[in-house]
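# Working through the structure, step by step
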Amino acid sequence: MLPIEVFTCFPGHMWDKVLSKVKKAVVFMDDKCAESLHWNGGATSVFEAGARNLKEFSSFEAGGENEPKAVFVVSTLLKGRTADIIKDIIGLSHFQYCVVFTTVAHSIQLLANNVTAELEGNPVFEQFEEKLSEWMGDMNYTAEVIHAPVVFAPVSPQLLLAPTFAHLFPLLPQDLKTINIKRTEKKRFVSLTDVDMQSLTPELQIEIKTLASAVNSMFESTSTREESFAVGPMSRLIAGELANHPQAKSRRKTATNKASIVFIDRTLDLTGAAGHHGDSLVEKILTVLQPLPGHTTDVQVDMLELTNLQHIPDSQPTLAPGCLAQTQLSTARLLWETMLASKQKEAVMEVRRQLVEAASKENLPIKMSLGRVTPEQLCSYVQLFKSSWGALESHCGVLQLGLATAQTLRHPTLPRWDTCLAFERLLLQVFIQSATLIPRRKMRKHHSRSRALGDSDFAGVLRQLLPLMKPRGEEGSSSESSSGSRAGEDECGPDELLVLLVYLYSLAGEAQPADDEEVEKVERELIGALTLVITRETELSTLLQKLTGCGSPEELTMERAHTAVEGVFETLKELSHARDHLKQFTSVYTASDGVHQATYRPFLRQVLEEIFHPDRPECPDIEHMSGGLTDLLKTGFSMFMKVSRPHPSDHGLLFLFLVGGITPSELRLIREVVTAHKPGTQVLVLSTRLLRPTDVPELLFTTQRLVPDIGV
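On a predicted model such as this, the values are computed, not experimentally measured, just so you know. For every chain, the first residue of the written sequence is number 1, and numbering continues from 1 along that sequence. Predicted model: local features are reported for residues with pLDDT of at least 70 only, side-chain atom pairs are reported and counted for 80 or more only, and whole-chain, interface and lining totals are derived from all residues. The basis for every side-chain value is the complete set of non-hydrogen atoms in the structure, without hydrogens or water.

## Focus on the environment of Arg705
Note on placement: Arg705 falls in the segment after α28 (695-701). Taking the C-alpha atoms as reference points, Arg705 and Thr201, separated by 504 residues in sequence, lie 10.0 Å from one another. Contact between two residues is taken to exist if any of their heavy atoms lie within 4.5 Å; hydrogens are not considered. Residues contacting Arg705, with those up to four places away along its chain left out, are Phe169, Pro170, Leu171, Leu172, Gln174, Asp175, Leu204, Leu699 and Leu700. A distance of 3.1 Å separates a polar atom in the side chain of Arg705 from the backbone oxygen of Leu699. Each helix is a run of DSSP H or I of at least 4 residues and each strand a run of E of at least 2, with the numbering of both proceeding from the N terminus. Polar contact criterion, stated in full: a pair of N or O atoms within 3.5 Å, where within protein one must be able to donate a hydrogen and the other to accept it, and residues adjacent in sequence count only if both atoms are side-chain atoms.

What follows is the structure in structure tokens.
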């Protein structure tokens, strides 16, 4: 059995293929590939390999007069918009040698050009090489086109992300309606579980095939034979594509290593994805700090405190930001892994310990203090380093993580996290009949009669959100039944309200059946209230801009906001049916039994406990997908003799692929479950992105799930 380190090294090996070509070249890279590089050594590795410059993949960029060589790294098909940009850059430059790396395999490029027959060589790449020479102005100039699956980012030793597929998200029932529109009435699908690859849009087919191809490349480079399993309709399509991949069939005949891979749809548990967990430092960092431009995972860390520059309010920053991806220094890398895998208290203590240790090594005048870690204390430790350039350079990774922690803990919007967490806990435990949301700090003083979620109808549950639906800074009713003024740092804005709505509707199936008319009445109230909240915003967040299609509050009309919110509620109504097709994993809620409180029971925990169950039961919801003739024969023989079907726990190496994203809290959960049930198993998590709560509304309400951007 191979150690998982072999697989986490795979992305770096793929980048080595690119780096071998960048000497004396200007490198142009799109955002998705740049994010992968960010976690695989960053820009430093490109310059160390001899590159002259690294630029954005844009029609507004070009090489200089004395720069004859270019390397392009793209995550898209070599046609349409991508080809146009490459042509534009070459037209503005003086290149005599061009190399293009694409993450999309040649077989998929053929499919995108409507060629289904198997052809010798790489005709699509060869034709594009001719175009490159033509654009350079001389057919004797050198042009190369190479496939390199640089799609994975090793965020930690237990986690590989695929930024290229960050917006790939499981389909919803409304997507099924869109698919069915183009089908005759007799051939329409009843459920998402019936949808096959051929019925998807060409863009989504390309996206799924490219993802399956990338996973296959990883298994091919490590000589691994996998057994694929799927939980959910989208996972079924991806696992099926991997099982039927032409190269995978030949690989499995000679592969010497074995593993299981289980694909799981994110939509089967949006409660955990939208939830505000109280014990994850990294989730809070990802939520409150601004993302790095063009990135879905990393954030901007303000480095001002390491300089003598003065902070000027409302001015544009002149200092490059720090980040979380610390790939160069081992101490910083280990600290990041601890922050990602530990509870908040342990993580913050480790940040302080590392800062103290670094300061001690450099003989800096640090004042030791015990007790609670404060952001002021962390900042005071960090500021010691700005007087010594050598010390700053030696420990810059730890300092960036220390600043990220301090800036998060003192961030003015962090109290909103606690407000959301308080509401979510209230939702699980009690619903006050006066329909009042009680802030956590006031819960002990309130003595109204309450009832559990399992005893509440959904209309009653929805009413709990109404007191929060007020424009920022507006005071609520002063009556006893009101939660009081919403003015202050802990008030929820539209983004948080959308997240709470997702949380509510993801649990809708757990509540008692409600009168449809009553639910619709409350929903109309919520739609009106949320519309007002959005139109009163003085600044539109990125989420609101995508949701409404407006770049500023001046563009936003009441009508456009109302239409957008109505669309949100149409999607929300479908969330409670995400697990309807499942037979075993039908609930993520454990009701109170009078002794124990009601609890959220993570879907991922249920799947893992089933996989590691000592009796190895066959679970109807975990579908085996590495079929073919062998599996059919096993099924036939099993009618006459005992033949065991493949099980996810058959091998000591397990891959979990969360389609649609995973949260830091779930990473820790996986580690805990494996340690408790089967500590000898190696588990490597793969996912499309590392989720923050506000990512969920974006993926649900603003993402073109059926028509992903493939660069055409």
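Once the structure has been displayed, the description carries forward.
## Overview of the confidence of the model for the chain
Caution applies to low-pLDDT regions: their predicted coordinates should not be interpreted in detail. When pLDDT is averaged along the chain, the result is 87; 90% of the residues meet or exceed 70. Between residues 430-454, whose pLDDT stays under 50, and residues either more than four places distant or in other chains, the model counts 59 contacts. Per-residue confidence from the predictor is given as pLDDT, running between 0 and 100.

## Considerations on the pairing of strand β8 (residues 224-231)
Every regular strand shows the same layout, with side chains that alternate between the two sheet faces. Where burial is concerned, most of β8 is hidden: 7 out of the 8 residues are buried. The sheet contact formed by β8 and strand β9 (residues 257-265) spans 8 bridges and is parallel. Note on β9: the bridge partner recorded for Ser228 is Ile261. A simple rule labels every residue: compare its accessible area, found with a 1.4 Å probe on the protein chains alone, to the largest value its type can have, and call it buried under 20%, exposed over 50%, or partly exposed in between. The pairing criterion is simple: DSSP has to find at least two bridges between the two strands.

## What about the packing of aromatic side chains?
To pair, rings of Phe, Tyr and Trp, with the six-membered ring standing in for Trp, must have centres within 6.5 Å; the planes then decide the type, stacked if under 30 degrees apart, edge-to-face if over 60, and tilted in the middle. Enumeration over the complete set of coordinates arrives at 12 aromatic pairs. Relative to Phe95, the ring of Phe28 has its centre 6.2 Å away and its plane inclined at 70 degrees; by these criteria the two rings are edge-to-face. Of this pair, Phe28 sits in strand β1 (residues 26-29) while Phe95 sits in the loop between α5 (80-91) and β4 (97-102), placing them 67 residues apart in sequence. Taken individually, Phe28 and Phe95 each receive the classification buried, so the pair is uniform in this respect. Look at Phe585 and Phe603: their rings are 5.5 Å apart centre to centre, the planes differ by 75 degrees, and that puts the pair in the edge-to-face class. Here the residue Phe585 occupies a position in the loop between α24 (558-575) and β12 (589-590), and Phe603 occupies one in helix α25 (residues 603-611), the gap between them amounting to 18 residues. Both residues of the pair, Phe585 and Phe603, belong to the buried class. Cluster of aromatic residues (ring-pair linked, three or more members): Phe28, Phe57, Phe72 and Phe95.

## Quick notes on a negative patch on the surface
Patch building starts from residues that exceed 30% relative accessible area and form no salt bridge, then joins like charges within 9 Å and nonpolar side chains (Val, Leu, Ile, Met, Phe, Trp, Tyr) within 5 Å. Note on areas: Shrake-Rupley with a 1.4 Å probe; residue coverage comes only from the protein chains shown. Salt bridges are defined as contacts in which a side-chain nitrogen from Lys or Arg sits within 4 Å of a carboxyl oxygen from Asp or Glu. A positive count includes Lys and Arg, and a negative count includes Asp and Glu. His and the chain ends are not counted in either. A single reference atom marks each charge: NZ on Lys, CZ on Arg, CG on Asp, CD on Glu. A contiguous patch of negative charge on the surface is contributed by Asp515, Asp516, Glu517 and Glu520. Within the secondary structure, Asp515 sits in the loop between α21 (494-506) and α22 (516-535).

## Looking at the pairing of strand β15 (residues 653-659)
Most of β15 is tucked away, with 7 of its 7 residues classed as buried. Side chains of β15 alternate between two faces, with Leu653, Phe655, Phe657 and Val659 and Leu654, Leu656 and Leu658 buried alike. With 6 bridges joining them, β9 and β15 adopt parallel strand pairing. Paired with Ile261 across the strands is Phe655, a residue of β15. Bridge count for β15 against strand β16 (residues 682-687) is 6 bridges, and the pairing is parallel. Paired with Leu658 across the bridge in β16 is Ser687. Seen with the strands pointing away from the viewer, any crossover whose path from the first strand over the helix to the second strand runs clockwise is right-handed. Handedness of the crossover joining β15 and β16 through helix α27 (residues 664-677) is recorded here as right-handed.

## Side note on the pattern of salt bridges
Overall, the coordinates contain 24 salt bridges when judged by the stated rule. Of the charged contacts in the structure, one is a salt bridge between Arg416 and Glu496, with a shortest N-O distance of 3.5 Å. Here Arg416, found in helix α19 (residues 414-429), pairs with Glu496, found in helix α21; they are 80 residues apart in sequence, far enough to count as distant. Side by side, Arg416 and Glu496 carry an identical accessibility label, which is buried. The residue Asp650 makes a salt bridge to Arg616 at a minimum N-O spacing of 2.7 Å. Here Asp650, found in the loop between α26 (629-637) and β15, pairs with Arg616, found in the loop between α25 and β14 (623-624); they are 34 residues apart in sequence, far enough to count as distant. Salt bridges here are not isolated pairs; linked through shared partners, they connect Glu226, Arg251 and Arg252.

## Observations concerning the sheet that holds strand β2 (residues 53-56)
Across the sheet, 5 strands lie side by side as β2-β1-β3-β4-β5; this open sheet has parallel pairing. A strand with exactly one partner marks an edge of an open sheet, and here the two such strands are β2 and β5 (142-147). Put simply, the sheet's adjacent strands are angled 15 degrees from each other on average, direction ignored. Relative to strand β3 (residues 69-74), β1 is paired through 4 bridges, and the arrangement is parallel. Residue Phe28 lies in a different strand from β3, and its bridge partner there is Phe72. Note on geometry: axes are C-alpha line fits, over the in-contact stretch for helices, and angles between N-to-C directions span 0 to 180 degrees. On top of the sheet, helix α3 (residues 31-38) reaches β1, β2 and β3; it is set at about 110 degrees to β1, its chief contact. Against the sheet, helix α7 (residues 123-136) makes contact with β4 and β5, and its axis sits at roughly 145 degrees relative to β5, the strand it touches most.

## A word on the sheet that holds β14
By way of backbone hydrogen bonds, the strands of a sheet pair with one another, either parallel or antiparallel. With mixed pairing, the 7 strands of this open sheet are ordered in space as β6-β7-β16-β15-β9-β8-β14. Either end of the sheet is taken by a strand with one partner, and the two such strands are β6 (153-156) and β14. Against the sheet, helix α10 (residues 233-243) touches β8, β9, β14 and β15, its axis set at about 150 degrees to β9.

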